[in-house]
Number of protein chains: 2
Amino acid sequence: MKQYYAENKDRFIDELFNLLRIPSISSEPEHKADMYRCAEEISGLLRKAGADRADVMETEGHPVVYGEKIIDPSLKTILVYGHYDVQPVDPVDLWKSGPFDPQIRDGAIYARGANDDKGQSFMHIKAFEYLTAKGMQRHNIKFILEGEEEIGSPSLAKWAREHKDMLACDIILVSDTTMIGEDTPSINCGMRGLTYMEIEVTGPNKDLHSGHYGGAVVNPLNALCKIIDNLIDKDGRITVKGFYDDVVELSAEDRAMLAKAPFDAEEYRKFLDIDDVDGERGYSTPERTGIRPCLDVNGIWGGFTGEGAKTVLPSKAHAKISMRTVPNQDWKKIAKLFEAHIMANVPKGVRVKVTAHHGGNGFLIPISSPAYKAASRAIHEVYGIEPVPNRGGGSIPVLAEMQQILKADPLLIGFGLERDTIHSPNESYLLSQFEKGMESIALFYKYF
Amino acid sequence: MKQYYAENKDRFIDELFNLLRIPSISSEPEHKADMYRCAEEISGLLRKAGADRADVMETEGHPVVYGEKIIDPSLKTILVYGHYDVQPVDPVDLWKSGPFDPQIRDGAIYARGANDDKGQSFMHIKAFEYLTAKGMQRHNIKFILEGEEEIGSPSLAKWAREHKDMLACDIILVSDTTMIGEDTPSINCGMRGLTYMEIEVTGPNKDLHSGHYGGAVVNPLNALCKIIDNLIDKDGRITVKGFYDDVVELSAEDRAMLAKAPFDAEEYRKFLDIDDVDGERGYSTPERTGIRPCLDVNGIWGGFTGEGAKTVLPSKAHAKISMRTVPNQDWKKIAKLFEAHIMANVPKGVRVKVTAHHGGNGFLIPISSPAYKAASRAIHEVYGIEPVPNRGGGSIPVLAEMQQILKADPLLIGFGLERDTIHSPNESYLLSQFEKGMESIALFYKYF
């Protein structure tokens, strides 16, 4: 693969850049046509790479690209999962080069989607191209590239159920996460789930003058802050009744094994320019983001937010709140518990409405499985060091559903790094990871 | 005045509408030219009304209109204070008719500024016109109409100091507040002060993926909610250290006298569509808004606030917070105490910046004064019922400064009503109050 990469690198970059130029932002309706355009582009790439089939298929939302090259039904089947949709790009003024104007700087590709997930999915298409070009394909290989991951994959599970037979596989191979470091390769052996909620607090039926009414009419902004502050106690634990009931506590041995993954606390703080971390008492930083649930306010707004001052006591206050969950918490149950807890503790003088946006469950990947072992061996060979198992904090909620529907475990070999700052301005992807990822994937097929 | 109003009503409405059509929004730089246009319009009205002098005078900010008709230096001098600037109009889509397209509906004038303060100031200009037209002026009458009240009058005190002699007066007459009800006239005998602050909380130096970092990196939105929730205790008291030190507690007699003002708790709740009020333990609703300080979040924002869901752990969170103060709290001292308290309680893992916007002190008006008695008599005659003294919750912070600079007490005879919903969409002003206000003002001059 190394040599094949060297011979075809310019074409690879060219093809990837064409993909990155398409603003396939799934959460913004004005990009609907771009979603189709991008799906077509991916479909074309799969065909060029050797797929016997590469179709843009309709769902209830954005289309899914399905591709395959079946060589022998008796062989093992790998289903590669990726997504061609990308995160929104705001705040745009913080990008050094346009989010859809891919550039190479300092050995990395800069663009929205360079890592998450176009750059990473593209590696799989090129690894596949390599296998077919060299006649080295020894498994049936299928591809799903969906267009809604960033908005919670609302259409995929239904579509997958309708095409269960077509998607039958032994493992689901995914590159959409990060490894610990360039010199510290890791394989994800578990992901947290996600429950995304929204709260609306209503006080008076209209905005009021805070001079006339302040002190007697309950201010929904003040009330919202109270509601949110009360969601986490002084030990960093979520106060929602029943929240921790289904959490599987890790054994001391398991915690010790995960703790072997290197973690530089000072580097972490310096990278983020924070003086301190904080979270659930009794757990380390990697544990807090890997094996423990948490609650984050993702957005909050209400009242006057422009330049200067306006003495308003507003009618409404809003917040978007998401909880990361761990096995065996069920996101739908968590959503219900959250809502029940909020509704049982509504401050005097206001009314509250709670909405569930979307969610998905966390899952675990056994490191004793043949798939994990093959990936470990491949990455060891490319990086020169055995990868550590890692419980990354990210979520690809739909994978838990796919695991259930297809009765196949996901294997997450992500080649992204923290420095890539996905979901933020100036997303990037190191060319060295791009190359090593491709090599690792090709070797995985050799060892699986 | 009643007959004069009847004879000239159409012209009055016409002139007022011309004034209301000018979008003199002091907080928005794009309306700078409108501020001058409006000041010129007011100046013209004063001259037409009989002023010997009516000038648009420069300040460090928006211009002030100064007018006067001095008839005999040995007579008492009344300085009428008002403001021609208006509040911003958002959310515009909630207005039934355009904010700067005055309409009459259901016996009221609807426009931004119809009450606050163009409608109310206009009554004084017309009462003055009546006196000069009928040769009934028995005092020296001066007018200040400023253009920055809604943004905290940053330029007025300095300008007033520079023109102290020109502004010399015995009382400062103001109509920029509300009375309890059409059938329950009241005169304001005290105003709360205001301290307007802004807090910025910074967590990580960039927006992060909440899956990767949630639970370990302190979320500035969560931290801001904690900071705000901790500002008020379970008894509704502000926790800022030293906050209540200078508050003058009212005697039982004073509280009993103010409690005579009618207040319909059920009507209040129905008008606002709230199930309950809440505030400082041990005080009634009128006391909480009249004689006690309070703290309101006026605006809060941070993170992702658009449609749908984005799993961001944002870098920053912001809030605008204002405190209403009572005599003898000093707003500058309160601002310092607030900042000190916030900085002494910064949650782990974030940094906080506190900024003071503006402020002004509260003040009291003795009801035994000749001015108060004259106003009470005049309003009694027009409304058929003696007005009650009222400690309204509003603030015109600059009046406390003017009281100090000119050594003259303000007298606040406001004719606005709660139904006028100033500072909100669909601001209005009853024609009946417009007329009765003018009559009351004219009679005030008779009895003072």
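Residues numbered from 1 in each chain as written. Chains lettered and ligands numbered in written order. Predicted model: local features only at pLDDT ≥ 70, side-chain atom pairs only at ≥ 80, totals over all residues. Heavy atoms only, no water.

A.B. asks: Just give me the short version of the overall build of chain A, but keep the residues and values in it.
C.D. replies: Looking only at helices and strands, one finds 13 helices and 19 strands in chain A. Rg of the C-alpha trace for chain A: 23 Å, near the compact-globule value of 22 Å for 448 residues, within the 12% margin. C-alpha atoms of chain A, sized along the principal axes, occupy 80 × 50 × 45 Å. Each of the 448 residues in chain A was classed as buried or not, and the buried ones make up 64%. Expressed as a percentage of contacts within chain A between residues at least 6 apart in sequence, the contacts between residues at least 24 apart total 79%. About 16600 Å² of surface is accessible on chain A, with carbon and sulfur atoms providing 49% of the total. (Helix = DSSP H or I, 4+ residues; strand = E, 2+ residues; numbered from the N terminus. Rg over C-alpha atoms; globule rule 2.2 N^0.38 Å. Buried < 20%, exposed > 50% of the residue type's maximum accessible area, 1.4 Å probe, protein only. Contact = heavy atoms within 4.5 Å. Areas by Shrake-Rupley, 256 points an atom, 1.4 Å probe, with all protein chains shown as cover.)

A.B. asks: Describe in detail the relation of the copies chain A and chain B, supporting the description with residues and values.
C.D. replies: Take chain A, turn it by 180°, move it 0.0 Å along the axis, and it overlays chain B with an RMSD of 0.1 Å. Taken together, the rotation and translation relating the two chain copies correspond to the operation of a two-fold axis. Take the interface residues of chain A: 100% of them recur as interface residues in chain B, which is what a same-surface contact looks like. (Least-squares fit on C-alpha atoms with pLDDT ≥ 70 in both.)

A.B. asks: Please set out the packing of helix H3 (residues 118-133) of chain B against helix H13 (residues 431-447) of chain B residue by residue, giving values where relevant.
C.D. replies: Angle between the axes and distance between the axes are the two parameters that describe a pair of packed helices. All names here are of chain B. Two numbers describe how H3 lies on H13: the axes approach to 9 Å, and their chain directions differ by 50°. With respect to their mutual orientation, H3 and H13 come out oblique. As for how H3 packs across H13, the hand of that crossing is right-handed. Contact residues: Gly119, Phe122, Met123, His124, Lys126, Ala127, Tyr130 and Leu131 in H3; Gln433, Phe434, Gly437, Met438, Ile441, Ala442 and Tyr445 in H13. In terms of residue class, the contact of H3 with H13 is built from 10 nonpolar, 4 polar and 1 charged. (Axes fitted to C-alpha atoms, helices over the stretch in contact; angles between N-to-C directions. Parallel < 35°, antiparallel > 145°, perpendicular 65-115°, else oblique. Left-handed = near helix turned anticlockwise from the far one by under 90°. Nonpolar A, V, L, I, M, F, W, Y, C, P; charged D, E, K, R; others polar.)

A.B. asks: Lay out the interface of chain A and chain B with the relevant residues and their values.
C.D. replies: Taken together, the contact pairs 85 residues of chain A with 85 residues of chain B. Taken together, both faces of the contact between chain A and chain B bury some 7300 Å²; the carbon and sulfur share is 51%. Summed over the three residues of chain A that lose the most area to chain B, namely A:His212, A:Ile300 and A:Lys310, the buried surface amounts to 9% of that side. Where chain A meets chain B, there are 8 salt bridges. The salt bridge partner of B:Asp273 is A:Arg351, with a shortest N-O separation of 3.3 Å. Taken together, the links from chain A to chain B amount to 42 residue pairs in polar contact (both at pLDDT 80 or more). A per-class count over the side of chain A that touches chain B returns 30 nonpolar, 33 polar and 22 charged. Two strands pair when backbone bridges link them, and strand S12 (residues 294-303) of chain A and strand S12 (residues 294-303) of chain B are joined in this way by 5 bridges, in the antiparallel orientation. Bridge pairing links A:Trp301 to B:Trp301 in S12(B). (Buried area = accessible area lost by both parts, 1.4 Å probe. Salt bridge = Lys/Arg side-chain N within 4 Å of Asp/Glu carboxyl O. Polar contact = N/O pair within 3.5 Å; in protein donor to acceptor, adjacent residues only side chain to side chain. Pairing = 2+ DSSP bridges.)

A.B. asks: Give me the lowdown on the sheet that holds strand S19 (residues 428-430) of chain A, citing residues and values where you can.
C.D. replies: Two modes of strand pairing occur in sheets, parallel and antiparallel, and in both the strands are linked by backbone hydrogen bonds. Residues and elements named next belong to chain A. Taken in spatial order, the 3 strands of this open sheet run S4-S5-S19, and their pairing is antiparallel. Strands at the two margins of the open sheet, each flanked by one partner only, are strand S4 (103-105) and S19. Taking each pair of neighbouring strands and ignoring which way they run, the sheet shows an average axis angle of 30°.

A.B. asks: So, the packing of helix H1 (residues 2-20) of chain B against H3(B): which residues are in play, and what are the values?
C.D. replies: Residues and elements named next belong to chain B. It is the contact of H1 with H3, at a shortest axis distance of 11 Å, that shows an interaxial angle of 140°. On the basis of their axis angle, the class for H1 and H3 is oblique. Of the two possible hands of crossing, H1 and H3 adopt the one that is right-handed. Between H1 and H3, the contacting residues are Tyr4, Arg11, Phe12, Glu15, Leu16, Leu19 and Leu20 on the first element and Lys118, Gly119, Phe122, Lys126, Glu129, Tyr130 and Ala133 on the second. Here the residues of the contact of H1 with H3 sort into 8 nonpolar, 1 polar and 5 charged.

A.B. asks: So what's going on with the side chain of A:Lys142? Which residues, and what values?
C.D. replies: Residue and element names in this part refer to chain A. Turning to its location among the elements, Lys142 is positioned in strand S6 (residues 140-146). This buried residue, Lys142, is left without a salt bridge; Glu68 holds the nearest opposite charge, at 5.2 Å. Within polar-contact distance, the side chain of Lys142 engages the backbone oxygen of Met166 at 2.7 Å. Filtering out sequence-adjacent residues up to four positions away, Lys142 remains in contact with Tyr66, Gly67, Glu68, Ile70, Thr77, Ile78, Leu79, Val80, Asp165, Met166, Leu167 and Ala168. (Lys, Arg positive; Asp, Glu negative; His and termini not counted.)

A.B. asks: Explain unusual backbone geometry residue by residue, including any values.
C.D. replies: In this structure, the amide linkage connecting A:Asp116 to the following residue, A:Asp117, adopts the cis form with an omega of 5°. Its location among the elements puts A:Asp117 in the loop between strand S5 (108-110) and helix H3 (118-133). A cis amide bond links A:Pro327 with the next residue in sequence, A:Asn328, at an omega value of 5°. Relative to the helices and strands, A:Asn328 is located in the loop between strand S14 (316-325) and helix H10 (331-343). With a phi angle near 40°, B:Thr421 is a residue other than glycine that sits in the positive phi range. Of note, B:Thr421 is situated in the loop between strand S18 (409-412) and strand S19 (428-430).

A.B. asks: Please give an account of the pattern of salt bridges that cites residues and values.
C.D. replies: A complete count under the given rule lists 60 salt bridges over all chains for this structure. Across the salt bridge formed by A:Lys126 and A:Glu15, the nearest N and O atoms sit 2.6 Å from each other. Of the two residues, A:Lys126 is situated in helix H3 and A:Glu15 in helix H1 (residues 2-20); the sequence distance between them amounts to 111 residues. The salt bridge partner of B:Asp55 is B:Arg53, with a shortest N-O separation of 2.7 Å.

A.B. asks: Can you break down the packing of aromatic side chains residue by residue, with the values?
C.D. replies: A complete count under the given rule lists 26 aromatic pairs over all chains for this structure. Relative to B:Phe434, the ring of B:Tyr5 lies with its centre 6.2 Å away and its plane at 75°, an arrangement referred to as edge-to-face. Taken together, the residues span a long stretch of sequence, with B:Tyr5 in helix H1 and B:Phe434 in helix H13 at a distance of 429 residues. For B:Tyr5, a relative accessible area of 4% puts it in the buried group. The interplanar angle of 15° and the centroid separation of 6.0 Å between the aromatic rings of B:Phe122 and B:Phe434 together place this pair among those described as stacked. Of this pair, B:Phe122 sits in helix H3 while B:Phe434 sits in helix H13, and the two are 312 residues apart along the sequence. Exposure class is identical for B:Phe122 and B:Phe434. Each is buried. Here the aromatic residues A:Tyr4, A:Tyr5, A:Phe12, A:Phe122, A:Tyr130, A:Tyr429 and A:Phe434 are joined through ring pairs into a cluster of three or more. Taking NZ or CZ as reference, A:Lys76 lies 3.9 Å from the ring centre of A:Phe448, over its face. (Phe/Tyr/Trp six-rings, centres within 6.5 Å; stacked < 30°, edge-to-face > 60°. Lys NZ or Arg CZ within 6 Å of the ring centre and 35° of its normal.)

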